[in-house]
Amino acid sequence: MRELEERFADCLVVIGVHSAKFTAESVFANLRQAVLRYDIRHPVLNDVGSIVWQEYAVSAWPTTVVIDPAGRVVGEHVGEFEAGQMAAIVQEIADEYDRQGKLDRTPVAWPLEKEREPARPLSFPGKVLADARARRLLIADTAHHRILIATLDGALIAVAGSGSPGLRDGDFATACFHSPQGMALDGEVLYVADTGNHCIRRIDLQARQVERLAGTGEQARLARRGGPALQTALSSPWDIALRNGTLVIAMAGTHQLWELDLAVGEARRTVGTGREALHDDTLQRSALAQPSGLAVADGLIYFADSESSAIRVANLQADRVETLIGEGLFEFGDRDGQGRTVRLQHPLGVAFHDHSLYVADTYNNKIKHIDPARRTTETFAGTGEADHQDGPGDEARFWEPGGLSIANGRLYVADTNNHAIRVVDLDTREVQTLSVGEA
């Protein structure tokens, strides 16, 4: 859509209509944060109650409706599309109305929400990784398109990435990322899910060099099986984790888990057909729904299946996927308890520690604790109110936390909409905000 906006800046007007699925998505303040996070440059209507959705007889996300300069609907497309496909349609309509002398090519300038925002050390951090061995904290400073390397106390050590969105290898100052998310660490090598570039990047922390490890830079539109890593298109890799010499990838865009064999440079589908659903089965026959957070432990792969508001587990040895918490694409809420009665709302992060799972219950603005053996869930920290407040766990407030990591008895939280890293003491549940040094 952005490519079309730039190409047809003098004749195309884009209006976003946000018809929410999740309750939290219909809240105006949350929608504004999403506009800022994704650098949206056109007006967005909050279609509370899906009134516009119904008027246009929309039945799926996303749907694109094309309206000509006379105000008539001339076409509709359901699903994602390549910019070139839609560009031909826009060009044809523009040419026709140019011939009729009825096309107003006066550029439209919209006041941008980001122009009202102050500069911050962090901007919508999506994931965080605590390294107890070297006492380091790796932060995906997602909307600044860079990776911060700091101490566990927040003192800045280095910055990887120029801060401008792009796909460029090189040293820390010249390399470019695009909306990075999950990370995995192997000694002095940091792997990064470069989500906006649909790539996996490798960072040599000692040499301070960045290189592309997998992905072509173009988004895969279909759920493929894999191939040579640098020649295989990926789709919105959201999180990664190391497992026995391979890199597990939460491929949110195609609703699958992939593995990248680091020794031979091959990327392959491991879990999921590519169909968006919550369906437990064998690895190859199961269906996932936008997996966005990973934790590997005890030979199992735990993952936050965001669109189904579920926490699930893949057992590669037993060839099986099981759901621990969650029931379906439209079964969500905020309810602790056991088994099928539990409800989450679009969780994005998961961490494993001492036989327990900690979950970033993102749209509920909480951190949840899950006993995977008993399938019980309790609120660990957060009142549920979207705000920024430190203190005891039952009084603290988060705003759409997206990433978790544990080191030295402390839970580090990427508190995305608060542009902050929060720290929760696992024993006392006391929450504090980490002061991250200026870059």
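Just above sits the structure.
Below you will find a few notes about this structure. (Residues numbered from 1 in each chain as written. Predicted model: local features only at pLDDT ≥ 70, side-chain atom pairs only at ≥ 80, totals over all residues. Heavy atoms only, no water.)

1. Section: the overall build of the protein chain
So, step 1. If you tally the helices and strands in the protein chain, you get four helices and 31 strands.
So, step 2. The C-alpha atoms of the protein chain give a radius of gyration of 22 Å, which matches the 22 Å a tight globule of 439 residues would have.
So, step 3. Taking the principal axes of its C-alpha atoms as reference, the protein chain extends roughly 70 × 50 × 45 Å.
So, step 4. The 439 residues of the protein chain split such that 51% are buried.
So, step 5. Counting contacts in the protein chain only where the partners sit at least 6 residues apart, residues at least 24 apart contribute 47% of the total.
So, step 6. Total accessible area on the protein chain stands at roughly 19300 Å², and carbon and sulfur atoms take up 47% of it.
So, step 7. The average position of the 44 basic charges and that of the 62 acidic charges among the side chains of the protein chain differ by 2 Å. (Helix = DSSP H or I, 4+ residues; strand = E, 2+ residues; numbered from the N terminus. Rg over C-alpha atoms; globule rule 2.2 N^0.38 Å. Buried < 20%, exposed > 50% of the residue type's maximum accessible area, 1.4 Å probe, protein only. Contact = heavy atoms within 4.5 Å. Areas by Shrake-Rupley, 256 points an atom, 1.4 Å probe, with all protein chains shown as cover. Lys, Arg positive; Asp, Glu negative; His and termini not counted. Charge placed at Lys NZ, Arg CZ, Asp CG, Glu CD.)

2. Section: the nonpolar core
So, step 1. Counting 16 residues, the largest nonpolar core has I147, F172, M183, L190 and I203 as the members making the most contacts within it.
So, step 2. Not counting chain neighbours up to four residues away, the residues in contact with F172 comprise I149, A158, V159, A160, G161, S162, I203, D204, L205, R208, Q209 and V210. (Core = buried A, V, L, I, M, F, W, Y, C linked by side-chain atoms within 4.5 Å.)

3. Details of the pattern of salt bridges
So, step 1. Using the criterion set out here, one finds 39 salt bridges in the structure.
So, step 2. Notably, a salt bridge pairs R133 with E188, separated by 3.4 Å at the nearest N-O pair. Residue R133 is located in the loop between β5 (127-131) and β6 (136-141), and its partner E188 is located in the loop between β10 (183-186) and β11 (189-194); the two are separated by 55 residues in the primary sequence.
So, step 3. A network of salt bridges, in which partner residues are shared, links R32, E113, R116, E117 and R120. (Salt bridge = Lys/Arg side-chain N within 4 Å of Asp/Glu carboxyl O.)

4. Concerning the layout of surface pockets
So, step 1. In this model, the second largest pocket occupies a volume close to 570 Å³.
So, step 2. Listing elements by their share of the lining of the second largest pocket, those giving two or more residues are β5, β10, β15 (237-243), β19 (291-297), β24 (349-353) and β28 (401-407).
So, step 3. Across the lining of the second largest pocket, the residue classes break down as 19 nonpolar, six polar and three charged. (1 Å grid on protein atoms, 1.4 Å probe; cavity = no way out; pocket = protein on both sides within 12 Å on 5 of 7 lines; lining within 4 Å. Points joined across faces, edges and corners; volume = space filled by probe spheres on them. Nonpolar A, V, L, I, M, F, W, Y, C, P; charged D, E, K, R; others polar.)

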